[in-house]
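Geometric and topological summary
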Amino acid sequence: MLRMSTLFLRTLREDPADAEVPSHRLLVRAGYVRRVAPGIYSWLPLGLKVLDNVATIVRQEMDAMGAQEVLFPALLPREPYEATGRWTEYGDNLFRLKDRRGNDMLLGPTHEEMFTLMVKSEYSSYKDLPVSLYQVQTKYRDEARPRAGILRGREFLMKDSYSFDLDDEGLKKSYEAHRAAYVKIFDRLGMDYRIVSAVSGAMGGSASEEFLAVAPTGEDSFVACTNCDYAANVEAVQIGTGTAEAAEHPPLEVLDTPDTPTIETLAAFLGVTAGETLKNVVVKLRHPDGSTEPLIVGVPGDREVDLKRLEANVAPAEVVAFEGEDFAKHPGLVRGYIGPQGDLGVRYVVDPLVVDGSAWVTGANVEGKHARNVVMGRDFTPDGTLAAAEVRAGDPCPRCGSALSLDRGIEIGHVFQLGRKYADTFSLDVLGPEGKPVRVTMGSYGIGVSRAVAAITEQSYDDKGLVWPRSVAPADVHVVIAGQGEQQEGGNRLAEELEAAGLRVLLDDRHKVSPGVAFKDAELIGIPTYVVVGKTLAADGTVEIRDRKAGTSRAVPVSDAVAEVLAEVRS
RNA sequence: CGGGGCGUAGCGUAGUGGCUAGCGCGCCUGCUUUGGGAGCAGGAGAUCGCGGGUUCGAGUCCCGCCGCCCCGACCA
C-alpha cells in the first residue's frame, strides 16, 4: 500500500514554467518525473510505477509471442558501430566517451550490431532459427533539440527486439508476429493509435510500419483514408499524380515580371493562382561519403516542399539548405526566377503532381522575368520524379481515391524488416541443411516505453490533471480520507480490505491536509477510481466511489465498498 | 545550425539606477480548523545564471560568456 503520509511525492500547485505540452506539464506537476538536464528525467515513485506497468505489459506480450529477453549494456565499445558505419553516420547524435586508456566508447542509441554479434557468436545452425530476442533498456541519443519533456528525451527507455530468420518468408512471419504483439500491447495500454506505412529509408529493408499515438502534440504527420484502411506517414505516402489537359498549349512566352521573386508576388502580378505556377526549389544533397550535389525540385506553386518527405526519397543522402554561397557557385541559377527550361547544369526533378503535358508559369532564368505556357515534355524534360510536395488533407488516397485526412501522431512503435544489412556486415551465417552457409535475415522492432507513458498522458488528461487507463495506473484505487477520527479509522480499514482483496491501493492518510487539497491531489494524480471516506460515513455509513474520467460519484455503504470497487476495477 | 523568449528562495513570480530584494505557494514551530488547494502568530530559506565594465551606488545600464524554453530546420 502506498501511504501518502510517507510517499515520496510533492505535487505542484502551479504549472512548471518550462513545460508546454500536457504530458510534460502534468507529469511534473503531479510528481511523476523531475528534470535533471535537458531531455534527461528522473522517475519518482508514482512515475516509476507507471513506467514499470508499461514495461510489464510489453514484456508479457513479447514473451507470449515467443521472444526471449536479454539485456545488453548501454556502454558499448566503438568497433561494432565502426563496422556498420554508424559510428560516423550517427554524427553528433551519438553520445561518445573514452575510457581511461583512451579507447572510444559510446552509449548505445540502438543495438542492432550487438544483437547480430550475439546471435553470430552463439548460434551456427539453421536448426536454431528462427529466434527473436528483445531487451528493455535505456537508450541514449544526443538529440539536437530534446523537447516536450519525456516525449523526446536524450535518455529514454526502449524495448527493442530483433528477429533472425533463414529466409524472407520466415522474416515475414516474424514481422507479422511482432506486429500482432504490438497491436495487443497498445490495445492493453489503452491507446488511440494508427498503424501507418513508414519509410524504410537508408536501412534498405522492405516493409516498415509505424505505430502512431494520435495526438496534436505528435511530431509525425500521417494521412489516413476516410474511406479505406490506407494510412501512411506523410514521408511515405504516395499521393496520386497530377493531371494534364489534353489541349494544345500556346507557345512558351517570356514575360517581364519585375520584383516577383516569390510565388505570392508572382501570382499577384500576373493574376494567376499559385497552383498554376511551378515552384523550383534548390536544395543540396549530402551523400554518405560527404560529397554534395545540388538538386532542383519542381512542385506546384501552391504547395510547399516537404523536406522530410524529400529526404525519405533520396535516402541515404541528406537534404541540406542551398545557401547564398552555393548560388554564387551556380550563376545559371537566378534566385527567384528559376525555370526548368534550358540547361541549368543541375539535376532537375519534379514531384509526381507535375506530369507530362502540363503547362506552367515559372521562372525564365532571367532576373525579373518569368515564362508562361511552359509545358513539361515540350519545353522541358525533368531528370526524374521524386515525391517532395507537401501532402494535404483532401488529397486523394492512392488506394481508393477518396479524400485523405491529415493528423499528427507520436511514434510509439516501429516494426521493420531489416533484411541482411547487418547480417552482411558481420557475416552472420548459419549452416543450412545442405551443409552450406545461409545468410540470416533480420527484423528490428522498437517500442518507446518511456515515450509511451508520455503518449498515454497526451491522450488522457483534463483540466484537473491526469487520467490513467487502468492497465498502467500507479494504483488500482485511491482512498481519500476526508475527515478525522472515525473517518480516519474507516479509511484505513477500507484501504486494508481493498489491499487484502488484491488491489493496489494509494491511501491519502495525511492528517493535516484539508479535504480540498486531498481532492485536488487525487484528481491531479489521476488514478481512475477513487473512494472518499468522509462525512457521509458518519452521517449514513456510506463512502463515495468516484470515477475520475467521468467525474461521477456514487454513495455505497462502506460494507459494500470493497465489492463495488472490485467490480469497477475489474470491469 | 538559425530565429525568438527567459534566467530573482524548492515552485510560480514582482521589482523607475537609491533604504535591509518583495509577494503567493511550499517548508519549520505553536494554537485553531477539517467536504474542494484553511486561519492566526512566529520562523528558516536568495553569492538576483557567471565574468567583466560604467557609476558615489547595479537585480536594474553596457559588453562577453553560460544555461534553459519555444519555433524553424525549406518558399527561391
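As a reminder, the structure under discussion sits directly above these lines.
The structure reproduced in this document is the subject of the present report. (Residues numbered from 1 in each chain as written. Chains lettered and ligands numbered in written order. Predicted model: local features only at pLDDT ≥ 70, side-chain atom pairs only at ≥ 80, totals over all residues. Heavy atoms only, no water.)

What the rule picks out here adds up to one cavity of 30 Å³ or more. Approximately 50 Å³ is the volume attributed to the largest cavity. (1 Å grid on protein atoms, 1.4 Å probe; cavity = no way out; pocket = protein on both sides within 12 Å on 5 of 7 lines; lining within 4 Å. Points joined across faces, edges and corners; volume = space filled by probe spheres on them.)

An order of S14-S20-S19 is seen for the three strands of this open sheet, with the pairing classed as antiparallel. With partners counted over all chains shown, the strands left at the sheet margins are strand S14 (253–256) and strand S19 (359–366), one partner each. Ignoring strand direction, the axes of neighbouring strands in this sheet form an average angle of 30°. Of the pairings in the sheet, the one linking S19 to strand S20 (residues 369–375) comprises five bridges and is antiparallel in character. Within S20, the position partnered with Thr 362 by the bridge is Ala 371. (Pairing = 2+ DSSP bridges. Helix = DSSP H or I, 4+ residues; strand = E, 2+ residues; numbered from the N terminus. Axes fitted to C-alpha atoms, helices over the stretch in contact; angles between N-to-C directions.)

The next point concerns the nonpolar core. Counting 58 residues, the largest nonpolar core has Tyr 32, Phe 186 and Trp 468 as the members making the most contacts within it. Among the nonpolar cores identified, the runner-up in size contains 24 residues, and Leu 94, Phe 115, Val 119 and Val 131 belong to it. (Core = buried A, V, L, I, M, F, W, Y, C linked by side-chain atoms within 4.5 Å. Buried < 20%, exposed > 50% of the residue type's maximum accessible area, 1.4 Å probe, protein only.)

For RNA strand B, the set of nearby residues contains 47 residues, the closest of which are Arg 13, Pro 261, Lys 279, Glu 304 and Arg 546. Among all atoms of RNA strand B positioned within 4 Å of the protein, those belonging to sugar or phosphate total 48%. One of the backbone nitrogen or oxygen atoms of Ala 148 is found 3.4 Å away from a phosphate oxygen of RNA strand B. The separation between a base nitrogen of RNA strand B and a polar side-chain atom of Glu 523 is 2.3 Å. Per-element accounting of the surface near RNA strand B gives the leading share, seven residues, to helix H13 (residues 515–525). Residues that form the surface near RNA strand B fall into these classes: 19 nonpolar, 10 polar and 18 charged. (Near = heavy atom within 4 Å. Polar contact = N/O pair within 3.5 Å; in protein donor to acceptor, adjacent residues only side chain to side chain. Nonpolar A, V, L, I, M, F, W, Y, C, P; charged D, E, K, R; others polar.)

Another point: the side chain of Ser 444. The topology assignment puts Ser 444 in strand S24 (residues 441–448). Only 3.5 Å separates the side chain of Ser 444 from the side chain of Glu 112, close enough to count as a polar contact. Setting aside residues no more than four positions away along its own chain, Ser 444 makes contact with Glu 112, Ser 161, Tyr 162, His 414, Val 415, Phe 416 and Leu 418. (Contact = heavy atoms within 4.5 Å.)

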